[in-house]
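The primary structure of each chain is shown beneath.
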Amino acid sequence: MREQYRSEAFTEAGLAADPMQQFARWFRQIAAGGMLHEPNAMVVSTATPEGLPSSRTVLLKMYDERGFVFFTNYGSRKGRELAANPHVALLFPWHPLARQVIVTGTATRVPREETVAYFRTRPHGSQLGAWASDQSTVIGSREELSHRYEDLAARYPEGEKVPAPPHWGGFRVVPDTIEFWQGHENRLHDRLRYVREGGVWGVERLCP
């Protein structure tokens, strides 16, 4: 299984001065093009202090000049690992456009007011699901999970305000490096990586 990527050249001359501006440029192009079902899907990779890695797909919910934000149960595997080891990597696999964005950085919890504000925008069922699931823990059956949800649905019917769980919230990934990967023929891909040094972003080209 092999594919020849045919894309326009991606050079330093066309880069934004700031990597978050460059990310916004690519993200808007992809979201507007409708080629991906969920362009905000990203692979989040964490590790224990001993270096044992784990990865999962999570939805990006916000991004700005401060970094990338996603939400999760703080007691989940990724939540526990980030509490012990804040180093994290993000991967946006935009394969239909032969593009990837790879981020490395550190994760910190967002302020509680940001979590609550976002929680209010979630569908009612998703709000209940955040309470029903003790994410990453062992559960006896699907029925047990369904019963938890049904009990919560009876307690908080549609239209009833659901409080944001204290064990649930956001992480903001503050980037140290952001690589923009553009595929080309013969595996001669463009890889341009922003690196933050002393608060200033520089750009380096990597061999494919």
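Each remark here, short or long, concerns the structure printed above.
Residues numbered from 1 in each chain as written. Predicted model: local features only at pLDDT ≥ 70, side-chain atom pairs only at ≥ 80, totals over all residues. Heavy atoms only, no water.

A. Local environment of the overall build of the chain. Broken down by element type, the chain carries five helices and nine strands. The order of α-helices and β-strands along the chain, N terminus first, is α-β-β-β-β-α-β-β-α-α-α-β-β-β. Over its C-alpha atoms, taken along the principal directions, the chain stretches across nearly 55 × 35 × 30 Å. Per-residue burial over the chain gives 42% buried out of 208 residues. Expressed as a percentage of contacts within the chain between residues at least 6 apart in sequence, the contacts between residues at least 24 apart total 64%. When the accessible surface of the chain is split by element, carbon and sulfur atoms take 53% of a total near 11500 Å². Separation of charge centres in the chain, based on 25 positive and 24 negative side chains, amounts to 0 Å. (Helix = DSSP H or I, 4+ residues; strand = E, 2+ residues; numbered from the N terminus. Buried < 20%, exposed > 50% of the residue type's maximum accessible area, 1.4 Å probe, protein only. Contact = heavy atoms within 4.5 Å. Areas by Shrake-Rupley, 256 points an atom, 1.4 Å probe, with all protein chains shown as cover. Lys, Arg positive; Asp, Glu negative; His and termini not counted. Charge placed at Lys NZ, Arg CZ, Asp CG, Glu CD.)

B. Quick look at the packing of aromatic side chains. Here the structure, examined in full by the defined rule, presents 19 aromatic pairs. Here Phe 68 and Phe 92 contribute two aromatic rings whose centre-to-centre distance is 6.0 Å and whose plane-to-plane angle is 45 degrees, an arrangement assigned as tilted. One end of the pair, Phe 68, is in strand β4 (residues 67-73); the other, Phe 92, is in strand β5 (residues 87-94), and 24 residues separate them in sequence. For Phe 68, a relative accessible area of 0% translates into the label buried. The class for Phe 92 is buried, based on a relative accessible area of 0%. Geometrically, the ring pair formed by Phe 71 and Tyr 118 is stacked, given 4.2 Å between the ring centres and 15 degrees between the ring planes. Taken together, the residues Phe 71 in strand β4 and Tyr 118 in helix α3 (residues 112-119) connect sequence positions 47 residues apart. Feature note: the residues Phe 23, Phe 27, Tyr 63, Phe 68, Phe 92 and Trp 94 constitute an aromatic cluster, connected by ring pairs. The side chain of Arg 99 reaches across the aromatic face of Trp 26, ending 4.1 Å from its centre. (Phe/Tyr/Trp six-rings, centres within 6.5 Å; stacked < 30°, edge-to-face > 60°. Lys NZ or Arg CZ within 6 Å of the ring centre and 35° of its normal.)

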